[in-house]
Amino acid sequence: MVQPSRTWAVAATVLALTTAAVVWWLGGPAGLGAGDTHQPPVGAVAASGGAQVQPSSAPGADNSFFARRRAITADGPADPLLVHGLRDTLEALLMEAGDASDPATLKQRLAALINQHFPSALATRALALAERYVDYRVALGSLRAPQDLTDPRALRDALEARHKVRLQFFDDAEYDALFAREADLDRYTLARLEIERNTQLSPEQRAQALQAADNELSAERRAERSAATEHMAAAAQTAAFNASNADERTRYAARSAQYGPAAAQAMAQLDREEQHWNQRLDQYSQARTQQGEGPGLQQLRQQLFSPEEQQRIDAALALRRLNAGSSGS
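In this text the structure is predicted, and so the values were computed from the model without any measurement.

Draft legend 1. Local environment of the nonpolar core. In terms of nonpolar packing, the biggest core is built from 34 residues, with Leu81, Leu86, Leu90, Leu110, Tyr136 and Phe170 touching the most fellow members. Among the elements of the structure, helix H2 (86–97), helix H3 (103–117), helix H4 (123–140), helix H5 (152–169) and helix H6 (172–196) are those that each provide at least two residues to this core. Counting residues per element, this core draws most heavily on H4, at 11 residues.

Right, here's the structure in full:
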C-alpha cells in the first residue's frame, strides 16, 4: 500500500507543478503528475564515464525545445526498452541504489541492480541508458534555476537550457520515451503563463488565447491535466479539513457530493492511515529527542515502521521541521 502521507504529498506537489512545472529540473516521472525528488547527491560532481549520444535529428533542423515535436510515429517498430514508464523505472532504480558520493559509485550500484528492474534481454542496453541518465542528472547540477518563477522569458531560457542538456545524452527515441509527455505539458504551462501575464490582451483575447493553448494539447494530455486538477482539488480540500479539524461525517458528506461515495470512503481510509502514520512519527520523534540515537531508538524504529516506511522517516521529519519553520517565520 502506498504510504498515505506520500499520497497527499504527491497531490500537493501536483498543485505546485500545475503552475510552475517548467522550472522543475528533474520533472516528475509522468510530467505534471507525481513529483519526484530522488536525485542522487552527485549534482556538484563533474560528469564522468557514460558515453554521450548525439541527437539524431537531421542537420540544420530546428532542434529547440519549443520547435520540437515527437519524432516517433505510431506505426514505427516498437522498442521494448523505450516504453511509457521508462523514466519511472530509472528513477526507481536510482532510489534503490541510494545516495552516492560520485557517479562511478552510483553506476556500480546500478549494475548490481539492473536485472531486478529490467528483463535480462534488455539489461545491457538498460544499464547503458541508466548510466547516461546519471550523467544527465549530474549535468543538470550546472544549470541555474530562474530567480523569478513568474518571468516567462526566464522560464523559456531555463527550459531551453535543460532541453540542450537532454540532447547531449539521449537520441530522439530515448528523449521521447523519457521526456515527451513532460515536455508537452511544460510547453503548455509556459504558454498559459505568457498569456496570463500579457497585459495587452483584452479579457476576450486572453480567453481565446487560453483556449487555443488548450487545443494544442492532445486529448491524452488534456485528460492527464484534468486528472491532475482533480488531485489538486482533493489535496486542497483535505488540507482545509485538517486545518478546521472537520469530523469524519463532515468530510464524507462533502467528498461524497463532489467525488461519489466510493471515492469518499477511500479518502476516509487515507485520512485514518495518515493519522496513524503521524502518530507513529510523533512517538518516534519524541523518543529520539529524549534518548538520542542508539540501539533502543533503532529497535523502536523497526517496531513502528515497515522497511518501506523506514526509508521515508527522515524525509518526513525534515518536512515537519521545514513546515514548522515556515509557520514560525
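Draft legend 2. Structural detail: the environment of Asp184. Counting through the fold element by element, Asp184 comes out in helix H6. For Asp184, the residues in contact, after removing those within four places along its chain, are Leu217 and Arg221.

Draft legend 3. Representation of the packing of H2 against H3 in the model. For the pair H2 and H3, the least separation of the axes is 9 Å and the interaxial angle reads 125°. When the axis of H2 is compared with that of H3, the two are oblique. Crossing of H2 over H3 shows right-handed handedness. Between H2 and H3, the contacting residues are Thr89, Ala92, Leu93, Leu94, Glu96 and Ala97 on the first element and Leu106, Arg109, Leu110, Leu113, Ile114, Gln116 and His117 on the second. The residue makeup of the contact of H2 with H3, split by class, is 8 nonpolar, 3 polar and 2 charged.

Draft legend 4. Molecular detail of the pattern of salt bridges. Throughout the structure, instances matching the rule amount to 19 salt bridges. Of the charged contacts, one joins Glu194 and Arg156 as a salt bridge, the two residues approaching to 2.5 Å between their closest N and O atoms. Separated by 38 residues along the polypeptide, Glu194 in helix H6 and Arg156 in helix H5 bring together distant segments of the chain. Two residues, Asp314 and Arg301, come together in a salt bridge whose shortest N-O distance is 3.9 Å. Within this pair, whereas Asp314 is found in helix H13 (residues 313–328), its partner Arg301 is found in helix H11 (residues 295–304), the two being separated by 13 residues in sequence. For Asp314, a relative accessible area of 44% corresponds to the partly exposed category. One continuous salt-bridge network, built from bridges that share partners, spans Arg87, Arg162, Arg166, Glu182 and Asp186.

Draft legend 5. Spotlight on the packing of aromatic side chains. What the rule picks out here adds up to 9 aromatic pairs. Look at Phe169 and Phe170: their rings are 6.5 Å apart centre to centre, the planes differ by 55°, and that puts the pair in the tilted class. Like Phe169, the residue Phe170 is buried in the burial classification. Taking the centre distance of 5.7 Å and the plane angle of 65° together, the rings of Phe170 and Phe179 count as edge-to-face. The exposure class assigned to Phe170 is buried, which follows from its relative accessible area of 0%. Counting every residue linked through ring pairs, the aromatic cluster contains Tyr133, Tyr136, Phe169, Phe170, Tyr175 and Phe179. Its guanidinium or amino end placed over the ring of Phe179, Arg166 lies 3.8 Å from that ring's centre, counting from NZ or CZ.

Conventions used here
- Residues numbered from 1 in each chain as written.
- Predicted model: local features only at pLDDT ≥ 70, side-chain atom pairs only at ≥ 80, totals over all residues.
- Heavy atoms only, no water.
- Core = buried A, V, L, I, M, F, W, Y, C linked by side-chain atoms within 4.5 Å.
- Buried < 20%, exposed > 50% of the residue type's maximum accessible area, 1.4 Å probe, protein only.
- Helix = DSSP H or I, 4+ residues; strand = E, 2+ residues; numbered from the N terminus.
- Contact = heavy atoms within 4.5 Å.
- Axes fitted to C-alpha atoms, helices over the stretch in contact; angles between N-to-C directions.
- Parallel < 35°, antiparallel > 145°, perpendicular 65-115°, else oblique.
- Left-handed = near helix turned anticlockwise from the far one by under 90°.
- Nonpolar A, V, L, I, M, F, W, Y, C, P; charged D, E, K, R; others polar.
- Salt bridge = Lys/Arg side-chain N within 4 Å of Asp/Glu carboxyl O.
- Phe/Tyr/Trp six-rings, centres within 6.5 Å; stacked < 30°, edge-to-face > 60°.
- Lys NZ or Arg CZ within 6 Å of the ring centre and 35° of its normal.

Everything listed here is a matter of coordinates, which is why it stays silent on function.
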